[in-house]
Amino acid sequence: MPAVVIIGAQWGDEGKGRVVDYHAKNCSIIARYSAGTNAGHTIVNDQGKFSLHLIPAGIFYSDKKCLITHGVVIDPDELIIEINMLKDRSVDVSNLIISNRAHVIMPWHKVIDELEELKRGKNAIGTTKTGTSPAFIDKVSRNGIRIADLLDKTIFEKKLKLLLEDKNNLITKYYGGKPLEYTKILNDYNKAADQIRPFVGDTMAIVQKADDNGEAILLEGAQGSLLDIDSGTYPYVTSAVPSSIAAGACIGVGIGPKSIQKVVGVFKAYQTRVGEGPMPTELKDAIGDKLRNQGIEDGTAEYGTTTGRPRRCGWFDGVLAKYTARLNGMESIALTRLDTLSGFKEIKICTSYNINGFKTKVPPASLEELNSAVPNYEVFQGWDEDVSNARKLSDLPKQARTFINRIEAITSVPIDMISVGPKREQAIILKQIFEENE
Ligand code: GDP
Ligand code: IMO
Ligand code: MG
């Protein structure tokens, strides 16, 4: 029963890794259920600062099972790099289990990610070029290779031969790129298979058993609700199936909706986005630059964890927040990076848009309309105090509390965690997310 989903409620990078790292101590399983190496989750704890792309943020608790489930697409090379990086830094990875049903990112996925972006030209999506979306596209078109196939050398060889011929035709004849070499891929992937073999298991059965036993399960989302293929800012979204919204968690781990006890949405106290696509509250001015660079000293400036690209920054978008709260059936909010807002004279929240002369509180489906949306703001008095040492609500300046209350009112969801810094302990906890610990 007690499975809790933690999802990104904006365009990704809300601080999901940080929030999962905090709550992981209260559960027995942490499962990453979607996306691929396009995700980048940052964790800062006693052991240092870590950027994880595939391995769940719960890996720092050696007594918890950490699963990469069948909803994730896995780049074996990147996985091995991540495992070795953790081992080198004395993090125990013996509790990691990788689904035999997960799909594999192949070299052609990365090549096609690059070539397809080039072909899109000025309409490029700004993908991470990690091959993640092309791997999901092949999964859906039933041309994927799964971990179980990778581990069986005969099957892998057969599938590789068959698929590579088609992919090389596509790469050379359609995109005008260079063909990929069969023997190199075969050798590289066979070698990688041997390295990941000890970690492979049936994650679905593990989660279902834990669910039957009433164990606390934490489902770690990746990306963000507004990057979701159905509900996001299409086509400036990612192609992950299962989706990055809470509903995707059931599909991604193999449990039914009734097993989900709670959905926690992670919001930043403002808005960021990497890559292209509409962002009504984006600030292309000194205030946007200030939001991006506030964290330079503690290493939390707004640059992508996966690609290093500067994140586009803007004020909190209440129209989109209300939308993603409802979309996910959100019952709890973790609000991150409140400390980043210290030192602004005024802070704003967008509460409606003007589109084509009309006022609306609902995000339009049309990309053109969203691109032309002019935000209407409520203006709040800022604060100068450093809030990074706040551990209870009363430690925060009154202006910060007013701001937080307004986000709760707009979303109709209580804020149960306020993060005031990147480190594990830098948080105000108003309510624990697992019932038994309340
Ligand atoms: P994720 O993809 O949602 O896990 O988020 P990322 O790790 O990509 O990006 C979040 C960034 O914000 C990372 O640099 C975190 O260390 C940082 N971070 C998370 N919470 C806080 C916070 O409350 N304050 C500050 N200053 N940084 C935070
Ligand atoms: P985490 O889990 C931020 C964005 C890319 C691009 C679009 C499509 O760290 O929050 P893709 O490579 O997925 O085909 O790119 O989606 N994107 C993310 N942005 N955080 C992420 O993950 C993202 N995953 C994908 O920047 O705009
Ligand atoms: Mg990230």
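Above this text you will find the structure in question.
The structure reproduced in this document is the subject of the present report. Nothing here was measured: the structure is a model prediction, and the numbers come from that model.

As for the coordination of the magnesium ion (ligand 3)
Thought 1: For the magnesium ion (ligand 3), every protein donor is listed as Asp 13 (OD) and Gly 40 (O), and the spread of their distances is 2.0 to 2.1 Å. Separated by 27 residues along the polypeptide, Asp 13 in the loop between strand 1 (3–8) and helix 1 (16–23) and Gly 40 in the loop between strand 2 (29–32) and strand 3 (41–45) bring together distant segments of the chain.

Focus on the site of ligand 1
Thought 1: Ligand 1 sits among 21 residues. The nearest are Lys 16, Gly 40, Thr 42, Asp 339 and Ser 419.
Thought 2: Between ligand 1 and the protein, one listed contact pairs an oxygen atom with a backbone N or O atom of Gly 17 at 2.9 Å.
Thought 3: Between ligand 1 and Ser 419, the relevant distance is 2.5 Å, taken from an oxygen atom to a side-chain nitrogen or oxygen of the residue.
Thought 4: Protein coverage of the free-state accessible area of ligand 1, which is 580 Å², stands at 98%.
Thought 5: Breaking the shell around ligand 1 down by element, the ones donating at least two residues are helix 1 and strand 3.
Thought 6: Among the elements that line the shell around ligand 1, the one with the most residues is helix 1, at three residues.
Thought 7: The class makeup of the residues in the shell around ligand 1 is two nonpolar, 11 polar and eight charged.

Brief notes about the sheet that holds strand 2
Thought 1: Pairing within the open sheet is mixed, and its 10 strands lie in the order 9-7-5-2-10-1-11-15-19-20. The sheet is open, and its two edges are formed by strand 9 (200–201) and strand 20 (427–429), each paired on a single side.
Thought 2: In this structure, strand 5 (residues 65–68) lies alongside strand 7 (residues 96–99), joined through three bridges in parallel fashion. Looking across to strand 7, one finds that Cys 66 is bridged to Leu 96.
Thought 3: Sheet strands touched by helix 8 (residues 203–212): strand 2, strand 5, strand 7, strand 9 and strand 10 (217–220). Its angle to strand 5, the strand with the most contacts, is close to 135°.

Thresholds applied
- Residues numbered from 1 in each chain as written.
- Chains lettered and ligands numbered in written order.
- Predicted model: local features only at pLDDT ≥ 70, side-chain atom pairs only at ≥ 80, totals over all residues.
- Heavy atoms only, no water.
- Donors = N, O, S within 2.8 Å, 3.2 Å for Na, K, Ca; no water.
- Helix = DSSP H or I, 4+ residues; strand = E, 2+ residues; numbered from the N terminus.
- Near = heavy atom within 4 Å.
- Polar contact = N/O pair within 3.5 Å; in protein donor to acceptor, adjacent residues only side chain to side chain.
- Areas by Shrake-Rupley, 256 points an atom, 1.4 Å probe, with all protein chains shown as cover.
- Nonpolar A, V, L, I, M, F, W, Y, C, P; charged D, E, K, R; others polar.
- Pairing = 2+ DSSP bridges.
- Contact = heavy atoms within 4.5 Å.
- Axes fitted to C-alpha atoms, helices over the stretch in contact; angles between N-to-C directions.

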